[in-house]
Amino acid sequence: MPSAFPPALERLIKNFSKLPGIGEKSATRLALQVLRWPEGQAAEFAESIAVLHSRIRLCSSCHTFSEQDPCPVCADPRRDASKICVVEDPGDLLAMEKAGAFNGLYHVLHGVLAPMDGIGPDQLKLKELMQRVEQRGGEVEVIIATSSTAAGEATASFLSDMLAEKGVRTSRIACGIPMGMDLKYADKMTLQRALEARIKY
Amino acid sequence: MKFIKDSAIVVTGRDLGESDMLITFITREHGKMKAVAKGARRSRKRFLNALEPCTLLDFRIVPSRSSGLGRLDSVEVSENYPAIRSSAKCFMFASLCCELSDLWIHENDQAPELFKLFQWYLESIDKNSTNALRHTLAFKTRLLALAGYRQAWDRCVICGINPRGSKVGFGIDQGGCVCSSCGAEGMLLKDVSTGTLRSLAYLDSSGLPALDRLKMTRASMKEAWQLLSALHRHLLQRTPKSYNVLDSTLLPELNPS
Ligand SMILES: [Zn+2]
Ligand SMILES: [Zn+2]
């Protein structure tokens, strides 16, 4: 079926719809919005995408996206280098930083175990983590902060086995009742986990 | 409204459009089924952690009025096998079994035996992870039989006699071992241990509770794993992605130390 849109607009719609969570309808809406912008604004938008790959690389220490290497967190001497918090992706690192609750360093795995998608230990930044730990002579605590999904839990278990073999101090962030949640609405697994992770008053 | 109600095991979940997920189930009475979980990605509240692979649940699906996909109306988790997710190895084995079930069974094909096998498998490795490899081998062996490809493990597929000696050829095209006097054309694995083949025959047909009595060496488990993988790859005409992951993590562990 021939498209009702001119080819240039069709091209942008196609590109927008490659983004996660964007279907054809939303892609069309976004593309039309860009078309309505003044030309300068659209050019700035295009340029921001164009330079992305040349400017941003992975921090060679924690593997988050950064314009500098090492990234600002790794380069900050005030951060506590004896704690490394392992997260799934740079978005999780950002969430932790926004919360401002952690003063150590990070390590980004870039995914979790997902055999059905062909992602195993070799596809994650695990070797790189072990190297970092070894560089510190094992004098470090690794805090595993992967999600509490099945894949996140399995990845945490893989990691903790690997670290235990090297005698590295390892902990897992707690999992249980979210703040402000009524206990009645928690499911069985959440309640079980919350009880297991209870702390002493 | 008329609902489809059944018990099922979630085998895969894929993103669909902007906020939905497409879930594939192996059900007790309706074979393999797919259904759309509306809004499952936008709000985690509605289905919570129920739609993760290897979850046993009861569902209610609103069938589509055309012949398209039904819509998941409600789910209630019966079991989510917490020990599987807290062992990376069990998680990877179970992921392979999910992928294989999805690939082997066509949509709406009746699969009551697979549902039973799968439920037993998840329960058993959740309870005791030390037998996970053996039970995964049993799952892979029995899945072939359920899909209509039961192999002649310990009798020559051509003449029917038990092969003599410690090694025998295995005809991938023929679907069984081939004794030296028969010989086979096509894809033949040479020098497969007859001990391994006897173990596979046992994994295929013993009662499930008796599986743990089987003694297998690491070398034999490795050989069985590789033979089953070759059969799955050949018959499916593709390599399940989980195999790439498991072959690189599991097989080195089974090498003689
Ligand atoms: Zn860094
Ligand atoms: Zn023969």
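Residues numbered from 1 in each chain as written. Chains lettered and ligands numbered in written order. Predicted model: local features only at pLDDT ≥ 70, side-chain atom pairs only at ≥ 80, totals over all residues.

(A) Spotlight on the confidence of the model for chain A. Looking at chain A as a whole, its pLDDT mean stands at 92, while 99% of the residues score no less than 70. Strand S4 (residues 104-108) of chain A holds the highest mean pLDDT among the elements of chain A, 98, whereas helix H9 (residues 188-196) of chain A holds the lowest, 85. (pLDDT = per-residue confidence, 0-100. Helix = DSSP H or I, 4+ residues; strand = E, 2+ residues; numbered from the N terminus.)

(B) Structural detail: the domain arrangement of chain A. According to the domain assignment, chain A contains domain 1 (7-54) and domain 2 (57-183 + 189-194). Taking only C-alpha atoms into account, the centre of domain 1 of chain A sits 33 Å from that of domain 2 of chain A. (Domains from an automatic or database assignment.)

(C) The arrangement of the sheet that holds strand S1 (residues 4-16) of chain B in detail. Residue and element names in this part refer to chain B. Reading around the barrel, the five strands line up as S1-S2-S3-S5-S4 and close back on themselves, with mixed pairing between neighbours. Neighbour-to-neighbour, the strand axes of this sheet turn through a mean angle of 50 degrees, independent of strand direction. By the bridge criterion, seven bridges tie strand S4 (residues 56-62) to strand S5 (residues 70-79) in an arrangement that is antiparallel. When the bridges of S5 are listed, Val62 appears paired with Arg71. Packing of helix H2 (residues 88-104) onto the sheet brings it into contact with S1 and strand S2 (20-27), and relative to S1 it is tilted by some 100 degrees. Running over the sheet, helix H3 (residues 112-127) touches S1, S2 and S4 and is turned about 100 degrees from S2. (Pairing = 2+ DSSP bridges. Axes fitted to C-alpha atoms, helices over the stretch in contact; angles between N-to-C directions. Contact = placed C-beta atoms within 7 Å.)

(D) Region of the structure containing the packing of H2 of chain B against helix H7 (residues 241-250) of chain B. Residues and elements named next belong to chain B. Put simply, H2 and H7 touch, their axes get as near as 9 Å, and they point 155 degrees apart. Between H2 and H7, the crossing angle belongs to the class labelled roughly antiparallel. Crossing angle aside, the handedness with which H2 passes H7 is left-handed. From H2, Met92, Ser95, Leu96 and Glu99 reach across to H7, where they touch Lys241, Ser242, Tyr243, Val245, Leu246 and Thr249. By residue class, the composition of the contact of H2 with H7 is five nonpolar, three polar and two charged. (Parallel < 35°, antiparallel > 145°, perpendicular 65-115°, else oblique. Left-handed = near helix turned anticlockwise from the far one by under 90°. Nonpolar A, V, L, I, M, F, W, Y, C, P; charged D, E, K, R; others polar.)

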